[in-house]
Amino acid sequence: MNRNLIRWIAAVLLLLAMAAGLSCPSIVVAEDAVKLPMDFTKGGVKTEKEKWTYDGKLPVAYSDSTIEVTSEKSSVTAKVKGKSVKHEVWVVRVKIQDASQLRTAVSKDTYSGNGRAKGEDIAKSKNAVVAMNGDFFKYENDVGYVVRQGEFIRDATDTTRKKKGQPICFDMLVVDSEGDFHIVPHARTKDIEAFTEETLTPEGRTIMDTFNLGPALVINGEVQDIASSQAAQQGDYQWSYPQQRIALVQTGHLEYAIVEVFGQTDSTAGLTLEEFAELVAEKVPEAIIAYNFDGGGSTNLIMNNKKICKTPGLREITDIIYFASAEGYVEE
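Residues numbered from 1 in each chain as written. Predicted model: local features only at pLDDT ≥ 70, side-chain atom pairs only at ≥ 80, totals over all residues. Heavy atoms only, no water.

> Break down the packing of aromatic side chains for me, citing the residues and quoting the values.
Within this structure, the stated rule accounts for nine aromatic pairs. Between W52 and Y62 the ring centres are 4.9 Å apart and the planes differ by 45 degrees, which places this aromatic pair in the tilted class. Within this pair, whereas W52 is found in strand β1 (residues 52-55), its partner Y62 is found in strand β2 (residues 58-63), the two being separated by ten residues in sequence. Residues W52 and Y62 agree in their burial class; the two are buried. Clustering of aromatic rings is evident, with ring pairs tying together F40, Y111 and F137. (Phe/Tyr/Trp six-rings, centres within 6.5 Å; stacked < 30°, edge-to-face > 60°. Helix = DSSP H or I, 4+ residues; strand = E, 2+ residues; numbered from the N terminus. Buried < 20%, exposed > 50% of the residue type's maximum accessible area, 1.4 Å probe, protein only.)

> I'd love a proper account of empty space enclosed by the protein, names of residues and values included.
Tallying each qualifying case throughout the model produces one cavity of 30 Å³ or more. By volume, the largest cavity amounts to about 30 Å³. Along its surface, the largest cavity is lined by N133, G134, D135, Y139, D294, S298, I317, T318 and D319. Partitioned by chemical class, the residues of the lining of the largest cavity number two nonpolar, four polar and three charged. (1 Å grid on protein atoms, 1.4 Å probe; cavity = no way out; pocket = protein on both sides within 12 Å on 5 of 7 lines; lining within 4 Å. Points joined across faces, edges and corners; volume = space filled by probe spheres on them. Nonpolar A, V, L, I, M, F, W, Y, C, P; charged D, E, K, R; others polar.)

> Let's hear about the sheet that holds strand β19 (residues 301-303): which residues, and what values?
Read across the sheet, five strands follow the order β5-β21-β6-β19-β20 without closing on themselves; strand pairing throughout is antiparallel. Strands at the two margins of the open sheet, each flanked by one partner only, are β5 (102-106) and β20 (306-307). In this structure, β5 lies alongside strand β21 (residues 319-324), joined through five bridges in antiparallel fashion. In the strand pairing of β21, T104 is matched with I321. (Pairing = 2+ DSSP bridges.)

> Let's hear about unusual backbone geometry: which residues, and what values?
Cis geometry marks the peptide bond from G214 to P215; its omega dihedral reads 5 degrees. Turning to its location among the elements, P215 is positioned in the loop between β13 (207-213) and β14 (216-219). Unlike most non-glycine residues, N127 shows phi in positive territory, near 55 degrees. By secondary structure assignment, the location of N127 is in the loop between α2 (119-125) and β6 (128-133). Exposure remark for N127: the relative accessible area of 25% places this residue in the partly exposed category.

> Pulling in residues and values, what's your account of the sheet that holds strand β11 (residues 171-176)?
Sheet architecture is open: three strands sit in the order β12-β11-β13, paired in antiparallel fashion. Among the strands making up the open sheet, the edge pair consists of β12 (181-184) and β13. For this sheet the average axis-to-axis angle between neighbouring strands, irrespective of direction, equals 25 degrees. Here four bridges tie β11 to β12, and the two strands are oriented antiparallel to one another. Looking at the pairing, V174 lines up with H182 of β12. (Axes fitted to C-alpha atoms, helices over the stretch in contact; angles between N-to-C directions.)

> Could you give an account of the confidence of the model for the protein chain, with specific residues and numbers?
Residues at a pLDDT of 70 or more form 84% of the protein chain, whose mean pLDDT is 86. Counted against residues more than four places away or in other chains, residues 17-25, with its pLDDT under 50, gives eleven contacts. (pLDDT = per-residue confidence, 0-100. Contact = heavy atoms within 4.5 Å.)

> So what's going on with the pattern of salt bridges? Residues and values would help.
Scanning the model with the defined rule gives twelve salt bridges in all. Linking E48 and K51 is a salt bridge whose minimum nitrogen-to-oxygen distance equals 3.7 Å. The salt bridge partner of R93 is E286, with a shortest N-O separation of 2.3 Å. With R93 in strand β4 (residues 83-96) and E286 in the loop between α5 (273-283) and β18 (289-293), this pair connects stretches of sequence that are 193 residues apart. Classification of R93 by relative accessible area gives partly exposed; the value is 26%. (Salt bridge = Lys/Arg side-chain N within 4 Å of Asp/Glu carboxyl O.)

Rendered as structure tokens:
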């Protein structure tokens, strides 16, 4: 059977499941599910050691009544400086009980300034089960429409630096208050306002988080034509050359995946964005939406406060996306 047809069928089935409000069998999603506080300075519940599974010293899985995390390691061969090199690939799958368990955190617990920290230190401070690097919003404070943990931070889609006479905008990932993903292509203020009014408000939903980097790799189960996207044509970020890469994927309602390709030799090894989009679709065929995040030396994949890959040229970062346990949480 044609691979694209398989992806389409999988995507349709998952979209139907989301519409029906189906939940994963191991985690009971109830109307009275425990909700973690939206306050971005607060984290999740500290995990219990005996609920982790290890491969040697490496944490590879975790499960409690509110979250289930599994991981799988494989490889892909890609060219590095003319030579075929085997690259490590990690796929981490996550199921949560409530949307509040998909969270963001920032260095020094402040949205202002551009202070940086080690990704694992930010993750540890929030009791993250699994975490990844976010976008670059504290590096460049003149870019994007930014909402974090339901709090509006800034709107710079129309005032950001220009290229070829136009403001630079990105495919924007929106995570709504129910934990579902949406893409606003090449987002400007008017596009975001229209999306909110037409898509979220009628459903009683709001914006929980936005991310400004991308581009979108998969939308509604379909691999995107990266080379012809407006984001790629702007050429403002690393579209065409190989590097380490990481993506966040929604696979169902309150079900997600993180996909990382690890450039083992140096920080410019890895895949092009087009190659990465195909890899994500291959490794996560049930992907509904997959979104590219900052790669290279910013790539962070962290489980139980431990880096899964030791990224060459690793830099300190300003923000993370993480999944947290809510088991036993008691409101303060």
